[in-house]
Amino acid sequence: MNTCRVIANTVWILTICANAVPRSLAQQAAAASGVPAHMVVTVEPHRGSDVPTVNREDVMVYEGKDRDRVTEWIPAQGEHAALEFFILLDDGSDSSLGQQLQDLRKFIEGQPASTKIGIAYMQNGTAKVEQNLTSDHAQAAKALRLPMGAGGGNGSPYFSLSDLIKRWPESTARREVLMISDGIDRYYGTGDLSDPYLDEAIGSAQRAGILVSAIYSPGVGHFGHSYWQTYWGQLYLAQVADRSGGESYYIGFSGPPVSVAPYLEDLTRRLSHQYLLTFLAKPPKKAGLQPVKLKTEVSNVDLVSADRVYVSPVPEQ
């Protein structure tokens, strides 16, 4: 009787070990090779408009001093060209923004069929969507309107950006935002590079893999011509764009740009020179943002991307 019990216990233990070992080995193998992480990267020439060819073997991804293996480097063209693009305008902008609407309409109508366009306005810390993402570019262009021009109507433009990102459904397409605002955080104030609402918006964009570009446009009231306020507002816009992998456009002073057309032309070129990058990141203990740096030895070119990427831990087997 005791012999039978010992045999049964032994079989039970061996069964548990047999099931546990493959799971442990699978996790170890995944941890050794890394977990897939994804980014959208813009190839930007140092000068001129000719963009050098960058192949997968030319791309280097680093986490600290460790180099990660690049598994995919796919041009965002053809069957991979899908793009969801929101234009997010500040409803607290002054009337000068109205002079730019025609150029914005031309930009929208000039986008390829693979691009869906949405229009939203910043209001009281939210993103009021005037037009959901649509392939009907003429319909999207019609949704543009003059800003309400109500000072204080938007406490922080970064609340609105975070709100838009939070309500944006996940997609396999590229996702990008063009943010048009003075960038001034009227809720938190200016003069602090560690603005928590700015940081939260940046983190939200990075976790979602959304690139944010920004054009400075002055707001109404005193802040619209205060050098101190507009200086910090433009710094904030530049920070959210740079850290998310986008581009910021500003004039350096408090007045409105003469025309946004050159900015939109540059943005169109950038959209046409983007790649879908996949690499094997070091598995974290828990899901979160990990700092990364991209490099290439190809001359006359930069690889522009977010400075952090969302990485999941090794999944349970």
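Cut-offs and rules
Residues numbered from 1 in each chain as written. Predicted model: local features only at pLDDT ≥ 70, side-chain atom pairs only at ≥ 80, totals over all residues. Heavy atoms only, no water. Pairing = 2+ DSSP bridges. Helix = DSSP H or I, 4+ residues; strand = E, 2+ residues; numbered from the N terminus. Expected span 1.5 Å × (residues − 1). Buried < 20%, exposed > 50% of the residue type's maximum accessible area, 1.4 Å probe, protein only. Contact = heavy atoms within 4.5 Å. Phe/Tyr/Trp six-rings, centres within 6.5 Å; stacked < 30°, edge-to-face > 60°. Lys NZ or Arg CZ within 6 Å of the ring centre and 35° of its normal.

Trainee: Can you help me understand the sheet that holds strand β6 (residues 126-134) in this one?
Mentor: Sheets are built from strands that pair by backbone hydrogen bonding, the pairs being arranged parallel or antiparallel. Here six strands make up an open sheet; going across it, the order is β6-β5-β4-β7-β8-β9 and the pairing mixed. Each edge of the open sheet is held by one strand with a lone partner, namely β6 and β9 (248-249). Of the pairings in the sheet, the one linking strand β8 (residues 210-216) to β9 comprises two bridges and is parallel in character. Note that in β9 the partner of Ala-214 across the bridge is Ser-248.

Trainee: Can you walk me through helix α5 (residues 196-208) in this structure?
Mentor: Because an α-helix packs 3.6 residues into every turn, residues spaced three or four apart end up facing the same way. Relative to the 18 Å expected for 13 residues at 1.5 Å per residue, α5 spans 18 Å between its end C-alpha atoms, a close match to the ideal helical length. Residues Leu-198, Ala-201, Ile-202, Gly-203, Ser-204, Ala-205 and Gln-206 constitute the buried set of α5. If you follow the buried residues of α5, they end up packed against α4 (157-166), β8, α6 (227-244), β11 (288-291) and β14 (308-311). Backbone geometry just downstream of α5 places Gly-209 in the positive-phi region, at approximately 70 degrees.

Trainee: Teacher, can you tell me more about the packing of aromatic side chains here?
Mentor: Pairs of aromatic rings are described using the distance from one ring centre to the other and the angle between the two planes. Applying the stated criterion across every chain, the model contains eleven aromatic pairs. Ring centres of Tyr-249 and Tyr-263 lie 5.1 Å apart, and the angle between their planes is 25 degrees; this geometry places the pair in the stacked category. Here the residue Tyr-249 occupies a position in strand β9, and Tyr-263 occupies one in helix α7 (residues 261-271), the gap between them amounting to 14 residues. A relative accessible area of 8% means that Tyr-249 is categorised as buried. Of note, Arg-145 hangs over the ring of Tyr-121, and the distance from its end group to the ring centre comes to 3.9 Å. Above the ring of Tyr-62, the side-chain terminus of Lys-295 is found at 5.1 Å from the ring centroid.

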